[in-house]
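Notes for the structure review
Spelled out from the first residue to the last, the chains are:
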Amino acid sequence: MRYLDIEFMYENWVTIALAVIPAIILFVVIYKKDRLHAEPIGQLAKAFLLGIASVFVSLVFVIPLGVMGLYVDDPTSVMDCVRFSLFAAALPEESAKLFMLWLAVRKNPYFDERMDGIVYAVCVALGFAATENIFYLIGTGGEELFSLAISRGLYSVPGHFGFGVLMGYYYSLVKFNGSRKFRPMVLIAPVLAHTIFNTVLFVMDLTPTLYSVLEIGFILICVGLWRNGNKKIAAHIAADKEVMGTVGVVEVDGGNMAGNVGEGVRNDRGIDENLIEN
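Residues numbered from 1 in each chain as written. Predicted model: local features only at pLDDT ≥ 70, side-chain atom pairs only at ≥ 80, totals over all residues. Heavy atoms only, no water.

A surface patch of nonpolar side chains, about 550 Å² in accessible area, is lined by Phe56, Leu59, Ile63, Val67 and Phe135. A per-element tally of the nonpolar patch places helix H2 (residues 41-67) first, with four residues. Tracing the chain through its elements places Leu59 in helix H2. (Patch = residues over 30% accessible without salt bridge, like charges linked within 9 Å, V, L, I, M, F, W, Y side chains within 5 Å. Areas by Shrake-Rupley, 256 points an atom, 1.4 Å probe, with all protein chains shown as cover. Salt bridge = Lys/Arg side-chain N within 4 Å of Asp/Glu carboxyl O. Helix = DSSP H or I, 4+ residues; strand = E, 2+ residues; numbered from the N terminus.)

See the structure below:
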């Protein structure tokens, strides 16, 4: 029987490992960046599992869009590549991830800092990326397996990481800043980035004569996505530090008592329950 074939089992375990390792590495990266109050591993694992589920939820969006004729399965022009990237990948995938992000944080008491939005969104994105990677690599063998795994590990998984940062960044702006004007950007920003990312990849395959030029452009897009993500992470961390350092004033027996937010009695998240922030 095939499942008793040692070579078959070995190849599939190697495939799964190659698919998942990049996501695990980036999971550690985002976890370490959450330096102020790290999220509970259980909550992050839940977000990751919801990201896995988002792969299947995205099909709910992909199939109707295909039936409506909004994209073709085999792009033969640049516009076909744009439509396929948008309607067969970016829009359904980011919509599914956003829905799962909402499920992950809507009743989560630990979602109390701006950086948390990025952390949870990235965990959802990495769950999606790891699962997608498995589907891409299963059935691929030999040198092709390792070359495809390296390619996706260097570009596709970090790409989803970057899309997750964008989604989480704007999600937190809406929640903590009350900025309704940013609400559309929660979906638009990752969808736009994802569409550009995929379009360049598809056009590279479509026009071999421009492959080298487009490859350079694609690498620049990846670098830009990563640098932009780091800036947004730094911005939310700085905002969270500013909130923690804000002076709070409480009334005590008719008088004022001033103290830094973060002093006094804290709960398990380090939230000061005795001081009221102005």
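One number sums up the size of the largest pocket: a volume of about 890 Å³. Tyr136, Arg152, Ser156, Leu201 and Phe202 are the residues nearest the centre of the largest pocket, which is lined by 32 residues in total. Listing elements by their share of the lining of the largest pocket, those giving two or more residues are H2, helix H3 (78-105), helix H4 (114-137), helix H5 (142-177), helix H6 (185-206) and helix H7 (211-245). Broken down by class, the residue content of the lining of the largest pocket amounts to 20 nonpolar, six polar and six charged. (1 Å grid on protein atoms, 1.4 Å probe; cavity = no way out; pocket = protein on both sides within 12 Å on 5 of 7 lines; lining within 4 Å. Points joined across faces, edges and corners; volume = space filled by probe spheres on them. Nonpolar A, V, L, I, M, F, W, Y, C, P; charged D, E, K, R; others polar.)

Ranked by internal contacts, the top residues of the largest apolar core, which has 48 residues, are Ile30, Leu101, Ile118 and Leu126. For this core, the elements supplying multiple residues, two or more each, are helix H1 (6-33), H2, H3, H4, H5, H6 and H7. In contact with Ile118, not counting residues within four places along its chain, are Ile30, Val165, Gly168, Tyr169, Ser172, Lys232, Ile233 and His236. Judged by nonpolar contacts, the second largest core, of six residues, contains Tyr71, Phe84, Phe87 and Ala88. (Core = buried A, V, L, I, M, F, W, Y, C linked by side-chain atoms within 4.5 Å. Buried < 20%, exposed > 50% of the residue type's maximum accessible area, 1.4 Å probe, protein only. Contact = heavy atoms within 4.5 Å.)

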